[in-house]
Amino acid sequence: DGDYQSTPYDMQTPQTSSWNFSLQRQVGSNWLVSAAYVGNVTTHIWIQDTGNPSVFLGLGPCTLNGVTFNPCSQATPESYAARRQFTLERPNDATRMGNVALQTSSGTMNYHGMLLTVQRRVTRGVTVNANYTLSHCIGDSADLTSEGPDAGETNNKVGSRSFDRGECNGDRRQIFNLTSVAQTPQFAGRTMRMVASGWTLSGIYPRSSGSPLNVLAGSDRALNAVH
């Protein structure tokens with residue numbers, strides 16, 4: 001069975017709109033604090049639905065194209081091929097089609113985040129910057145890291161892109177970063193001045209939530225050849 005992809009002639013290109021709003025305030029002479037809201041929405045993401053799933057025909061025996069299956073719907077290549085929608089509609093066709101992906105530009109994705117920042121200006125040779133982000137990204141299941149999904153990468157529920165809607169692959173709910181820079185003082189003694197003066201020390205401490213966990217059944221529970 002061959003795999004096929006169908007791409008409409010009027011596919012739209014993905015579009016992204018972004019917006020933000022921020023407040024800043026200086027505290028004392030050395031501290032600066034800010035709070036910001038950042039959001040964006042992406043539309044016309046390329047996703048795929050399946051056009052030729054294997055139709056579930058029950059768990060009893062059946063005969064398809066002269067071959068008897070018991071149970072009729074089973075997770076085998078032979079049963080999948082015999083129960084393909086196009087095959088059931090035109091059983092006498094010599095050409096057999098496998099995965100048929102119907103490509104659309106209907107996927108969407110949105111992001112909302114709060115960014116809190118604290119900055120300590122250089123005081124006695126020490127600078128401190130810290131920021132914390134609380135955000136959430138939700139979108140349709142889409143392939144965003146390659147040139148496009150293959151024919152077998154379709155909606156898990158035929159005809160429903162919202163069934164797979166959830167956290168984006170790159171979603172990190174909480175992110176914290178702390179950076180600091182310290183300069184050693186100019187020592188008065190000749191030896192200490194040569195050995196310890198003029199050094200700059202810096203450190204970075206990042207911490208973030210993990211990536212979303214996608215729990216899979218490990219097998220084709222629907223018996224429709226859509227994985």
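Asks: When you look at the state of the cysteines in this model, what are you seeing that I'm missing?
Replies: Two cysteines whose sulfur atoms are joined by a covalent bond form what is called a disulfide. Here the structure, examined in full by the defined rule, presents two disulfides. What pairs with Cys62 in a disulfide is Cys72, and their sulfur atoms sit 1.9 Å apart. Taking the sign of the torsion about the S-S bond as the criterion, the disulfide between Cys62 and Cys72, at about 80°, is right-handed. Remark: Cys72 occurs in the loop between strand S5 (67-69) and helix H1 (77-82) and Cys62 occurs in strand S4 (residues 62-64); sequence separation between them is ten residues.

Asks: What's the story with the side chain of Asp220 in this structure? I'm lost.
Replies: Relative to the helices and strands, Asp220 is located in the segment after strand S10 (200-208). As a buried residue without a salt bridge, Asp220 has its nearest oppositely charged side chain in Arg83, at a separation of 6.0 Å. At 3.2 Å, the side chain of Asp220 and the backbone nitrogen of Leu223 are in polar contact.

Asks: When you look at unusual backbone geometry in this model, what are you seeing that I'm missing?
Replies: Negative phi characterises most residues that are not glycine, and trans characterises most peptide bonds. A cis amide bond links Asn70 to the next residue, Pro71, at an omega of 5°. The residue Pro71 is located in the loop between S5 and H1 in this model. At His44, a position not held by glycine, the phi torsion is positive, near 60°. Relative to the elements of secondary structure, His44 occurs in strand S3 (residues 31-50).

Asks: Can you help me understand the confidence of the model for the protein chain in this one?
Replies: Predicted coordinates in areas of low pLDDT are best not read in detail. Of all residues in the protein chain, 95% attain a pLDDT of 70 or more, and the chain-wide mean is 87. Of all helices and strands in the protein chain, the one with the weakest mean pLDDT is helix H3 (residues 190-196) (78), whereas strand S2 (residues 15-27) scores best (95).

Asks: So what exactly am I meant to see when it comes to the environment of Ala217 here?
Replies: You can see Ala217 is positioned in the segment after S10. A sequence separation of 145 residues divides Ala217 from Cys72, and the C-alpha atoms of the two residues are 21 Å apart.

Asks: Would you take a moment to explain the pairing of S3 for this structure?
Replies: Every regular strand shows the same layout, with side chains that alternate between the two sheet faces. Summarising the sheet, S2 and S3 pair through 13 bridges and their orientation is antiparallel. Counterpart to Leu23 in the pairing with S3 is Ala35. Joining the antiparallel neighbours S2 and S3 is a turn of three residues, in which Gly28 adopts a positive phi near 65°. As paired elements, S3 and strand S6 (residues 97-123) share 17 bridges and run antiparallel to each other. If you follow Val41 over to S6, its bridge partner there is Asn110.

Procedures and definitions
Residues numbered from 1 in each chain as written. Predicted model: local features only at pLDDT ≥ 70, side-chain atom pairs only at ≥ 80, totals over all residues. Heavy atoms only, no water. Disulfide = S-S within 2.5 Å. Helix = DSSP H or I, 4+ residues; strand = E, 2+ residues; numbered from the N terminus. Buried < 20%, exposed > 50% of the residue type's maximum accessible area, 1.4 Å probe, protein only. Lys, Arg positive; Asp, Glu negative; His and termini not counted. Salt bridge = Lys/Arg side-chain N within 4 Å of Asp/Glu carboxyl O. Polar contact = N/O pair within 3.5 Å; in protein donor to acceptor, adjacent residues only side chain to side chain. pLDDT = per-residue confidence, 0-100. Pairing = 2+ DSSP bridges.

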